[in-house]
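One-letter residues, chain by chain:
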Amino acid sequence: MSTDQWLGLITGVLFGFLLQKSRVLRFEKQIGAMLLKDMTIFKVMLSAILVGMVGIVLLTDAGIVTLGHKSMNLGAVLVGGVLFGAGWAIMGFCPGTSIGAVGEGRWHAVLAIIGMVVGAAVYAELYPFFKSTVFAWKDFGKIGLPETLGISPWVIIPLFWAGTISLFLWFEKKGL
Amino acid sequence: MKRKTGDGGWSPYLAGTLVGLLAIASVYATTQWLGKTSYLGASTTFVRAAGLLERTVAPDRVAANEYFTKEKVRVDWQFMLVLGIFLGALISSAMDRSFKLEGVPPRWEKRFGPSIGKRAAWAILGGIIAMVGARMADGCPTGHGLSGLMQLSVSGFVALAMFFSVGVFIAALVYGRRSS
């Protein structure tokens, strides 16, 4: 295996280990979040984001890493977002958690994986059509919140931390 | 704050913090060793897996496809990362004995019964719709949600809001109180 494959594998093992330990790989946790009854997946995700954003913005400011924003293509993100949200609720897994769920024995997630591989092949066939329709509406490009709002990330980050921690306190108060 | 949850899991805040540190380490390591900053993601791997499988039966079709060509059908860093998630979950669940063979999710069984065929049909349909959506939006809750928000990407915030609000709406229709 090449260096990039080894690095990917090691990162993935650690990621999968932590996801399993936090129990977010379960169908019940995913659906629980969407039914607004169990916010475990959001606690994990938002905690990771709080820590990650500080490190990534620091490393970017220091010129050590570069940001890799995905395009804010209006049609793609809105229509794609609707389709993903609907499919996510029906299958009860997202792409990353489905494979982890199989790892912890929940082999029915293989069915969701089969569906997603078929979906990827379907998408590859439809790509030229989407490119000339949905993607052609409006593309804002690869933009970040700081330059879009004209506010320093070091103002946005503390606000995001304050908002998220308030949300965590509310989750705990409500037993979500 | 409790360190363990009722189901023997780690505190979500602790696990999440460690995921955040892993994400930072991963961004640093990919930049240093691979020469290109890579962010955690998962859904592009499904495109590559589809391409690898389709290539065994219709190699010309895959070679001629614009999207497969754009995403490059190969076992790359992210592909191994996704396989690693499987291994990591297997190791973790074997260690704390939470590994459990399960043919139908308990929550699904409660609502729709124990039929594997019925679950299969819906899981596959949901998977197709979700992956078409994820590829169109160019990311899933890992790529757009986790990695996008960490970078303060506008697309990450919009995509995650769409994923979740539509998920809430559809989940209420499918599993909600009114329909059960």
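In this text, all values refer to a predicted model and were calculated from it rather than measured experimentally. (Residues numbered from 1 in each chain as written. Chains lettered and ligands numbered in written order. Predicted model: local features only at pLDDT ≥ 70, side-chain atom pairs only at ≥ 80, totals over all residues. Heavy atoms only, no water.)

### Quick notes on the overall build of chain B
Looking only at helices and strands, chain B features nine helices and zero strands. Going from N to C terminus, chain B has its helices and strands arranged as α-α-α-α-α-α-α-α-α. Judged by the C-alpha coordinates and their principal axes, chain B covers about 45 × 40 × 35 Å. Summing over all exposed atoms, chain B offers an accessible surface of approximately 8,100 Å²; the carbon and sulfur share of this is 65%. (Helix = DSSP H or I, 4+ residues; strand = E, 2+ residues; numbered from the N terminus. Areas by Shrake-Rupley, 256 points an atom, 1.4 Å probe, with all protein chains shown as cover.)

### Quick notes on unusual backbone geometry
Glycine aside, the phi torsion of most residues is negative, and most peptide linkages are trans. Despite not being glycine, Arg-23 of chain A shows a phi value in the positive range, around 65°. Here Arg-23 of chain A is to be found in the loop between helix H1 (3–21) and helix H2 (27–34). Phi is positive for Leu-152 of chain B, close to 55°, though the residue is something other than glycine. Note on placement: Leu-152 of chain B falls in the loop between helix H8 (141–150) and helix H9 (154–175). Leu-152 of chain B sits in the buried class, given a relative accessible area of 1%. (Buried < 20%, exposed > 50% of the residue type's maximum accessible area, 1.4 Å probe, protein only.)

### Section: the confidence of the model for chain B
Residue-level pLDDT values for chain B average 94, and 96% of them are 70 or greater. Here the predicted complex scores 0.95 on pTM and 0.96 on ipTM. (pLDDT = per-residue confidence, 0-100.)

### Examining the nonpolar core
One finds Phe-15, Phe-42, Ile-49, Phe-84, Tyr-123 and Phe-135 of chain A together with Leu-146 of chain B to be the most contacted residues of the largest nonpolar core, which totals 107 residues. Ranked by residue count, the leading element in this core is helix H3 (residues 40–61) of chain A, at 13 residues. Leave out the neighbours within four places in its chain, and Phe-42 of chain A touches Ala-33, Ser-47, Phe-168 and Phe-171 of chain A together with Phe-164 of chain B. (Core = buried A, V, L, I, M, F, W, Y, C linked by side-chain atoms within 4.5 Å. Contact = heavy atoms within 4.5 Å.)

### Looking at helix H5 (residues 95–103) of chain A
It helps to recall that an α-helix has 3.6 residues per turn; residues three or four apart then point in one direction. Most of H5 of chain A is tucked away: nine of the nine residues are buried. Trailing H5 of chain A by a residue or two, Gly-105 of chain A shows a phi angle of about 95°, which is positive.

### Topic: the interface of chain A and chain B
At the junction of the two partners, chain A supplies 117 residues and chain B supplies 120 residues. Together, Phe-15, Lys-70 and Ile-90 of chain A form the three largest contributors to the area buried by chain A at its contact with chain B, with a combined 7%. Linking chain A with chain B are six salt bridges, by the criterion used here. We note a salt bridge from Arg-23 of chain A to Asp-96 of chain B, for which the minimum N-O separation is 3.0 Å. Counting the contacts that link chain A with chain B gives 35 residue pairs in polar contact (both at pLDDT 80 or more). When residues of the side of chain A that touches chain B are traced back to their parent elements, those giving at least two are H1, H2, H3, helix H4 (74–91), H5, helix H6 (109–132), helix H7 (145–149) and helix H8 (153–174) of chain A. The biggest single contributor to the side of chain A that touches chain B is H6 of chain A, with 18 residues. In terms of residue class, the side of chain A that touches chain B is built from 73 nonpolar, 30 polar and 14 charged. (Buried area = accessible area lost by both parts, 1.4 Å probe. Salt bridge = Lys/Arg side-chain N within 4 Å of Asp/Glu carboxyl O. Polar contact = N/O pair within 3.5 Å; in protein donor to acceptor, adjacent residues only side chain to side chain. Nonpolar A, V, L, I, M, F, W, Y, C, P; charged D, E, K, R; others polar.)

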